[in-house]
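Fold and geometry: a report
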Amino acid sequence: MKIKSRVQLRKSAKNKLLTSLRSSFGDVIDKIADKKLESATADWFQIIIVDGDILFIQEDDRPFPTVRGVLELDLDCYKVTVDAGAVRFVVNGADIMCPGIVAADPEIAENDLVIITEETHGKPLAIGRALVPASEMVGKSGKAVKSIHHVGDDLWNLEA
């Protein structure tokens, strides 16, 4: 995976991005408000680089944090928590199945991007797209989240 077409965001584009992020994640986004933001393409990902770190991906023109972004900003929303038995599958890129989910943020709707965390320490493992709303994730059967990016994948290892 290589970074292509890397450009620094203009002030107006940066403000628009920060407003969008603030509406989704709250005031925690103020941590990056005075940092250098760049937009780039890496294979099929549209990414946002903050002071040299890849902290966001853009899906359908909507920014969402990478696993590194969740760690950096200490985000605590749009979370789906999996049990210890699911961790090894999640970090290898597997989709998340309902039986492995122990909790889900009630605000999650179908097609939302979500942060997959592990139960014991609450650490983020992956980013995925919800295939069902939160109310149908816990205690059901079937696939709940399609994995997009996980710890140890090409995006995680990409150097900006």
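About the cut-offs
Residues numbered from 1 in each chain as written. Predicted model: local features only at pLDDT ≥ 70, side-chain atom pairs only at ≥ 80, totals over all residues. Heavy atoms only, no water. Salt bridge = Lys/Arg side-chain N within 4 Å of Asp/Glu carboxyl O. Buried < 20%, exposed > 50% of the residue type's maximum accessible area, 1.4 Å probe, protein only. Helix = DSSP H or I, 4+ residues; strand = E, 2+ residues; numbered from the N terminus. Pairing = 2+ DSSP bridges. 1 Å grid on protein atoms, 1.4 Å probe; cavity = no way out; pocket = protein on both sides within 12 Å on 5 of 7 lines; lining within 4 Å. Points joined across faces, edges and corners; volume = space filled by probe spheres on them. Nonpolar A, V, L, I, M, F, W, Y, C, P; charged D, E, K, R; others polar. Patch = residues over 30% accessible without salt bridge, like charges linked within 9 Å, V, L, I, M, F, W, Y side chains within 5 Å. Areas by Shrake-Rupley, 256 points an atom, 1.4 Å probe, with all protein chains shown as cover. Lys, Arg positive; Asp, Glu negative; His and termini not counted. Charge placed at Lys NZ, Arg CZ, Asp CG, Glu CD.

**Section: the pattern of salt bridges**
- Enumeration according to the criterion identifies six salt bridges in this entry.
- Between Asp 30 and Arg 22 there is a salt bridge, and its shortest N-O distance comes to 2.8 Å.
- Its relative accessible area of 39% is what places Asp 30 among the partly exposed residues.
- The salt bridge involving Lys 146 is made with Asp 95; its shortest N-O contact spans 4.0 Å. With Lys 146 in strand β11 (residues 143-150) and Asp 95 in the loop between α3 (84-90) and β7 (96-97), this residue pair connects regions lying 51 residues apart in the sequence.
- The structure contains a network of salt bridges with shared partners spanning Asp 95, Lys 143 and Lys 146.

**Things to note about the pairing of strand β10 (residues 124-130)**
- Burial within β10 is extensive, with seven of its seven residues counted as buried.
- With five bridges joining them, strand β9 (residues 113-118) and β10 adopt antiparallel strand pairing. The partner of Ile 115 across the bridge, within β10, is Ile 127.
- Between the antiparallel neighbours β9 and β10 lie five residues, among them Gly 122 with a positive phi of about 75 degrees.

**Focus on the sheet that holds β10**
- Judged by pairing direction, the sheet is mixed, and its six strands sit side by side in the order β7-β11-β10-β9-β6-β8 without closing on themselves. Two strands lie at the open edges of the sheet, namely β7 and β8 (101-104), each paired on one side alone.
- Relative to β11, β7 runs antiparallel, the two sharing two bridges. From the neighbouring strand, Met 97 faces β11, where its bridge partner is Lys 143.

**Describing the layout of surface pockets**
- Here the largest pocket defines a volume of roughly 190 Å³.
- If you go around the largest pocket, the residues you meet are Leu 9, Ala 13, Lys 16, Leu 17, Ser 20, Ile 48, Gln 58, Asp 61 and Pro 63.
- Here the lining of the largest pocket gets four residues from one element, more than from any other, and that element is helix α1 (residues 11-25).
- Partitioned by chemical class, the residues of the lining of the largest pocket number five nonpolar, two polar and two charged.

**Overview of a negative patch on the surface**
- Among the surface-exposed residues, Asp 34, Asp 51, Asp 53 and Glu 72 lie close enough to one another that they form a single negatively charged patch.
- For Asp 51, a relative accessible area of 45% gives the class partly exposed.

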